Structures are given as structure tokens and as C-alpha cells.
Amino acid sequence: MDRPGIDTPDHRGRTGLDRAGRDLDRNAGVVIRDVELTSQGWHVLRRTTFDYRRRDGRWETQQRETYDRGNGAVVLPYDTDRGLVLLTRQFRYPAYVNDHPDGMLVEAAAGLLDDDDPLTAIRREAAEELGVTLGPLTHVLDAYMSPGSVTERLHFYAAPYTPADRTGNGGGLEEDGEDIEVLELPFTEALAMVRDGRIADGKSILLLQWAALHGPFAPAPGTG
């Protein structure tokens, strides 16, 4: 029987989704045995069986589930002249179902790369979510945010902006179910929100802390 996403195209036109990882050989202590496609909605859940060589030399067979949603990018636009940063607020059901009071998270603008490179993707997301046209971008770092189960690698950026760069309304794409509020906040308030828990999103906390310690709002040498 033909299996959608494996033998025949699924609802997104994908086939061969069970092939991911089968040819990995960069680590001599890991031998991939099988990849099982367990779910393919918009993103893909797989169960992989592999042999793993422990530090004492013994081999054992393990299984791990991986959630593949593609890679993403995130940006912190900042205005040092006015001491402001641009953030978003939107409803996040996974946070809501896991004890967040109302699911409304304050975050840095972010999105999946889809078929774009990280720079193109984050410019697109900044325009859609924040209504801002970004100029020069500073690459801050790349990070795996939940490497125990999620394959996503997130590309972090920061970029200056001015009032003239606010070229749209933002808010995201309604056809994608987005309903995003644009927040222009004093940087000092954003840091206070990290300290008191009003900002609880990991990627946003990382960028704000970077901006305070090493980025545009860091103390001048000899003054910190």
C-alpha cells in the first residue's frame, strides 16, 4: 500500500520523508539502523533506531524521536538614539497549555526559513510581523534551542532601525492565522520584563541579554 509522504506525495507534496538521516556517517560511534515516519502534519515526526557506542566502548541500540520543523531565524531591531527595541506579542498555544497564564508571549520577531536563506527569511519576517524594513544585519549566533527532540537550528540577528524604517503595519499574515501585536519598548523595560518573567521566550531573552552585555546597549569600555 502506498504511504503518503513516503511512496506518494503527502498534502504538501513531499515524498521520501523516511529517508532523513539514513545516510549519516559523520560520527563513527553512531550507526543508523532505521527511520520510521510516525506523523506528518505541517511538520514531521520521526522515530530513528541507531546503534550508539558509549564512552566505555560498549554498543547499545537506542531510539529517539525527532520533530523536524525546518530551521528558523530571529531578529532584534533596536534604536539606540531613542533607546528602543521592537518586539511582538502573540498567542502561543503550546505555552498556554503548559502553565503560561494566558498564552500571550512577548517575543523577538522570528520565523521559519522555508526555502530562503537566513538573511532573506528574517527580512521577510521583520516586514510581515513588525512592518519594518531592515538595513544592515548583525549575525549574533546560531543555536539549537531544544536539541533533545527538535531538529531546528535558529539563526540570531540584530539590526538598527529608525522611525523611517517603519514602512508597514506588521501584524503577520492573517491567512496563516497570525494576529501579532507590534511592541516598541524602551530597552530598559524589556530587560525588566526578562527579570520579572513578563518575557519568558528563550530566543528573545538571549537576544536582549546579548544586546545588554555585548551589543548596542552594552556599557562603553571602562564604564561597566
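Report follows, based on the coordinates. (Residues numbered from 1 in each chain as written. Predicted model: local features only at pLDDT ≥ 70, side-chain atom pairs only at ≥ 80, totals over all residues. Heavy atoms only, no water.)

## So, the overall build of the protein chain
Thinking step 1. Looking only at helices and strands, one finds 4 helices and 10 strands in the protein chain.
Thinking step 2. Here the C-alpha coordinates of the protein chain stretch approximately 60 × 45 × 35 Å along the principal axes.
Thinking step 3. When each of the 224 residues of the protein chain is scored for burial, the buried share is 38%.
Thinking step 4. A separation threshold of at least 6 residues defines the contact pool for the protein chain, and within that pool the share at least 24 residues apart is 52%.
Thinking step 5. Accessible area of the protein chain: about 12900 Å², with a carbon and sulfur share of 48%. (Helix = DSSP H or I, 4+ residues; strand = E, 2+ residues; numbered from the N terminus. Buried < 20%, exposed > 50% of the residue type's maximum accessible area, 1.4 Å probe, protein only. Contact = heavy atoms within 4.5 Å. Areas by Shrake-Rupley, 256 points an atom, 1.4 Å probe, with all protein chains shown as cover.)

## Things to note about the packing of helix α3 (residues 187–196) against helix α4 (residues 202–213)
Thinking step 1. In the contact formed by α3 and α4, the axes pass within 10 Å of each other and the chain directions differ by 130°. Regarding the angle of α3 to α4, the classification is oblique. Remark: the crossing between α3 and α4 carries left-handed chirality. Counted together, F187, A190, L191 and V194 of α3 and I205, L208, Q209, A211 and A212 of α4 form the full contact between these two elements.
Thinking step 2. Partitioning the contact of α3 with α4 into residue classes produces 8 nonpolar, 1 polar and no charged. (Axes fitted to C-alpha atoms, helices over the stretch in contact; angles between N-to-C directions. Parallel < 35°, antiparallel > 145°, perpendicular 65-115°, else oblique. Left-handed = near helix turned anticlockwise from the far one by under 90°. Nonpolar A, V, L, I, M, F, W, Y, C, P; charged D, E, K, R; others polar.)

## Things to note about a negative patch on the surface
Thinking step 1. A grouping of E174, E175, D176 and D179 is seen on the molecular surface, where their side chains present a negatively charged patch.
Thinking step 2. Assignment of secondary structure puts D176 in the loop between β9 (153–160) and β10 (181–186).
Thinking step 3. D176 sits in the exposed class, given a relative accessible area of 53%. (Patch = residues over 30% accessible without salt bridge, like charges linked within 9 Å, V, L, I, M, F, W, Y side chains within 5 Å. Salt bridge = Lys/Arg side-chain N within 4 Å of Asp/Glu carboxyl O. Lys, Arg positive; Asp, Glu negative; His and termini not counted. Charge placed at Lys NZ, Arg CZ, Asp CG, Glu CD.)

## Let's talk about α4
Thinking step 1. The end-to-end C-alpha distance of α4, which contains 12 residues, comes to 16 Å, matching closely the 16 Å that a straight helix rising 1.5 Å per residue would cover.
Thinking step 2. What α4 keeps buried is the set K203, S204, L207, L208, W210, A211 and A212.
Thinking step 3. Summarising the contacts, the buried residues of α4 are in contact with β4 (72–79), β6 (104–107), β7 (109–112), β8 (138–144), β9 and α3. (Expected span 1.5 Å × (residues − 1).)

## Description of unusual backbone geometry
Thinking step 1. A positive phi angle is found at D99, which is not glycine, with a value near 85°.
Thinking step 2. Inspection of the secondary structure assignment puts D99 in the loop between α1 (93–96) and β6.
Thinking step 3. Positive phi, normally seen in glycine, also occurs at D114, with a value near 55°.
Thinking step 4. With respect to the helices and strands, D114 occurs in the loop between β7 and α2 (118–130).

## Looking at the sheet that holds strand β3 (residues 59–68)
Thinking step 1. Across the sheet, 3 strands lie side by side as β1-β2-β3; this open sheet has antiparallel pairing. Of all the strands in the sheet, the pair left with one neighbour each is β1 (30–40) and β3. In this sheet, neighbouring strand axes are inclined to one another by 20° on average, regardless of whether the strands run parallel or antiparallel.
Thinking step 2. Summarising the sheet, β1 and strand β2 (residues 44–53) pair through 9 bridges and their orientation is antiparallel. Bridge pairing in β2 places D34 opposite T49. (Pairing = 2+ DSSP bridges.)

## Remarks on the packing of aromatic side chains
Thinking step 1. In the structure shown here, the tally under the stated rule is 3 aromatic pairs.
Thinking step 2. Ring geometry for Y78 against F217: centres 6.4 Å apart, planes inclined by 75°, an arrangement best described as edge-to-face. Residue Y78 is located in strand β4, and its partner F217 is located in the segment after α4; the two are separated by 139 residues in the primary sequence.
Thinking step 3. Residue classification places Y78 among the buried residues on the basis of a relative accessible area of 13%.
Thinking step 4. Taken together, the aromatic side chains of Y78, F187 and F217 make up a single cluster linked through ring pairs. (Phe/Tyr/Trp six-rings, centres within 6.5 Å; stacked < 30°, edge-to-face > 60°.)

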